[in-house]
Amino acid sequence: MVQLHEMIFRDAHQSMIATRMRTDDMLPIADKIDQVGFFSLEVWGGATFDVCIRYLNEDPWERLRALKKAMPNTPLQMLERAMNIVAYWNFPDDVVKKFVYLAKKNGCDNFRIFDALNDLRNMETPMKAVKDNGGHVQACLSYTISPIHTVDYFVTKFQKLEKMGADSLCIKDMAGMISPKRVYDIVKGCKDAGITLPINLHSHCTSGMTGMAYQRAAEAGIDILDTAMSPISGGTAAPATESVVAAFQDTPWDTGYNLELLIDLRKYFLKVWDKYRHLHRFNALKIDPSVTVHQIPGGMLSNLIFQLEEQGAPGKYREILDETAKVRKELGYPPLVTPSSQVVGVQAVMNVLHGRYKVITKETKDYCRGMYGKPPAPIEPEIMKKILGPKWKEEVIDCRPSDLLEPMWEKRKSELKEHDVKITDENIMTYAIYPQVGLKFLKGEAIAEFTSEQLPLSIDHRLIRAMVKQSFPEVKQLWLETLPPEKRAGPAQIPTEFEVEVDGEPFNVKVIPSGGYLVGGCTPTVTEPPKDIEGGVKSNMQGTILKLKVKKGDTVKKGDVIVTIEAMKMEQEINTDKAGEVKQIFVKEGDSVANGDILIQVQ
Ligand code: CO
């Protein structure tokens, strides 16, 4: 028998709709999910904590309590980033221990603990804390491909985690690139080595091989597979729960789950999926086998593209991919997962734009100093010298990074007492993990973000419906209706072939325009935006114009902000690289612009 770990309330919506699912979307169906008999249900941790307080004005602790109350029969799991907890930097032991205690107290049963570098020293404190509080430790290894990350590497590390007190083990394939053969070899290797703990496989559909990998994992004796209910599955998310259940029916791996009950759940989650229609991205629904070559997880890839556009160097994409692979190798093959993915990715961008290791980020230096943990493979002295200087040896730490941190809990507690907020252990923890965003939330200043239903253009609007149906003729017709009448009849819209009937006989008639003169239409008047003009200031990224900061006749100097633009859900400023008087403005607020489009002309 294989059991499933259901991820609809955490990884699924984190992968597909920017982690925006709300507690209100979860509670009405919780009772039914509780009846399935899942091995466990992932509901907390990862990015959910941050998103709750930052974008949803929801108390993550309250969510956990409510879900536990609604699902008393299913073990609830959280994703815990070792010493980073649910953030992106290291915390001291006292905060990590207190966090685990509070999470357990508020309803978390199972803790999936991982470290980006698979540095087991970073996993000791949270693992021990979970054991001390009576929880289930699922110890995780981040999966990646490199000469270091052999089958033996994983088997040996899993053996160590077993000795450290894990209750189950997990292969965390966050980029969705594990192949059927690799997963078979690792799982079989663990079983052959005498590991008796249940083994779980976490993966995403990104590479397109994941269904096959799940089958081979089952053949090798995997105990638990990660899936998500079909409405938020596939693409950059996990394989669909219902499909995996159906695939294993009448086999030795039969889950025994009630498929009809699952289909019932599916109907509910289709509605939830609709509620966040504005966050659907066609690319996230597709597979991308190139991940097997460049090994960069989807989330990191979109980040890289954004950083390139921001730097005005979108053409360097391929170069950056190659450079990322190089930097990763030089930095000792870290698995690319938060936060190591950011370290490697940003350094690769810097190397391509400014020359190799000419500009070095603080994060790269910290990484080389050992502040994230021990890199999987040693870094060559010549690279260390480039990054940390000739005295690099003096800067490298040998201890566990958190050993350098002072206890923080009491300090944060007294800081929070200075503010007019309710002092509870949970609130202190929220503040300790996210001092700025957390305080804003605790003061009641956070605002819950919109859902698709609250948008002025409802999800039932015929344009939205046509786009979702992907009916190109309908979308085109709607677009035409937005144009002034005189612009609607361009050459593309005029039929040039007709079938006419004369006395019941069909004839085909073709209208051939001669000398550029169009029959029955007018000359198209759509003007192309200028590609390059003197004094033209270009956009260095793609996005939507939020605000024009200049008007015709204004005088601007180099570096002045001319527009603000929304790109990748973030507000960015575009500055002029030319000085003078604003002669022409080519865009207005709400316009979409591409990288390289001319925004204004100065003289
Ligand atoms: Co994942």
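Note that this is a predicted model, so its numbers are computed, not measured. (Residues numbered from 1 in each chain as written. Predicted model: local features only at pLDDT ≥ 70, side-chain atom pairs only at ≥ 80, totals over all residues. Heavy atoms only, no water.)

1. Concerning helix H11 (residues 259-275)
At step 1: In this model, H11 (17 residues) spans 25 Å end to end at C-alpha, consistent with the 24 Å of a helix rising 1.5 Å per residue.
At step 2: The complete set of buried residues in H11 reads Leu261, Leu262, Leu265, Tyr268, Phe269, Val272, Trp273 and Lys275.
At step 3: Residues of H11 that are buried make contact with helix H1 (11-16), helix H2 (23-34), helix H10 (241-248) and helix H12 (282-285).
At step 4: Looking at where H11 begins, the residue whose side-chain oxygen comes 2.9 Å from the main-chain nitrogen of Glu260 is Asn258. (Helix = DSSP H or I, 4+ residues; strand = E, 2+ residues; numbered from the N terminus. Expected span 1.5 Å × (residues − 1). Buried < 20%, exposed > 50% of the residue type's maximum accessible area, 1.4 Å probe, protein only. Contact = heavy atoms within 4.5 Å. Polar contact = N/O pair within 3.5 Å; in protein donor to acceptor, adjacent residues only side chain to side chain.)

2. A few points about the domain arrangement of the chain
At step 1: Considered domain by domain, the chain is made up of domain 1 (3-285), domain 2 (296-399), domain 3 (490-525) and domain 4 (536-602).
At step 2: Between the C-alpha centres of domain 2 and domain 4 the distance comes to 31 Å. (Domains from an automatic or database assignment.)

3. Concerning the coordination of the cobalt ion
At step 1: For the cobalt ion, the full set of protein donor atoms is Asp11 (OD), His202 (NE2) and His204 (NE2), and the range of their distances to it is 2.1 to 2.2 Å.
At step 2: Between consecutive donor residues of the cobalt ion, the sequence gaps follow D-x190-H-x1-H. Taken together, the positions of Asp11 in helix H1 and His204 in the loop between strand S7 (199-202) and helix H9 (210-220) put the pair 193 residues apart, joining distant regions of the chain. (Donors = N, O, S within 2.8 Å, 3.2 Å for Na, K, Ca; no water.)

4. Structural notes on the packing of helix H7 (residues 151-163) against helix H8 (residues 180-192)
At step 1: Look at H7 against H8: their axes get within 9 Å of each other, and the N-to-C directions meet at 40 degrees. Relative to H8, the element H7 is oriented oblique. Once H7 is placed against H8, the crossing between them reads as right-handed. Touching Val151, Phe154, Val155 and Phe158 of H7 are Arg182, Asp185, Ile186, Gly189 and Cys190, all from H8.
At step 2: A breakdown of the residues in the contact of H7 with H8 according to their chemical character gives 6 nonpolar, 1 polar and 2 charged. (Axes fitted to C-alpha atoms, helices over the stretch in contact; angles between N-to-C directions. Parallel < 35°, antiparallel > 145°, perpendicular 65-115°, else oblique. Left-handed = near helix turned anticlockwise from the far one by under 90°. Nonpolar A, V, L, I, M, F, W, Y, C, P; charged D, E, K, R; others polar.)

5. Focus: the pattern of salt bridges
At step 1: Applying the stated rule across the entire model yields 35 salt bridges.
At step 2: Residue Arg10 is joined to Glu42 by a salt bridge in which the shortest nitrogen-to-oxygen separation is 2.9 Å. Note that Arg10 is positioned in the loop between strand S1 (3-6) and H1 and Glu42 in strand S2 (residues 40-45), a separation of 32 residues in sequence.
At step 3: Overall, Arg10 belongs to the buried group, its relative accessible area being 2%.
At step 4: Taking the relative accessible area as the measure of exposure, Glu42 reaches 0% and is therefore buried.
At step 5: A network of salt bridges, in which partner residues are shared, links Arg10, Asp11, Glu42, Arg112 and Asp226. (Salt bridge = Lys/Arg side-chain N within 4 Å of Asp/Glu carboxyl O.)

6. Focus on the sheet that holds strand S6 (residues 168-172)
At step 1: With parallel pairing, the 8 strands of this closed barrel are ordered in space as S1-S2-S3-S4-S5-S6-S7-S8. Each strand axis lies, on average, 30 degrees off the axis of its neighbour in the sheet, ignoring direction.
At step 2: Looking at chain direction, S1 and S2 are connected through 2 bridges and run parallel. Within S2, the residue paired with His5 across the bridge is Ser40.
At step 3: The sheet contacts of H9 involve S7 and strand S8 (224-227), and relative to S8 the element is tilted by about 165 degrees. (Pairing = 2+ DSSP bridges.)

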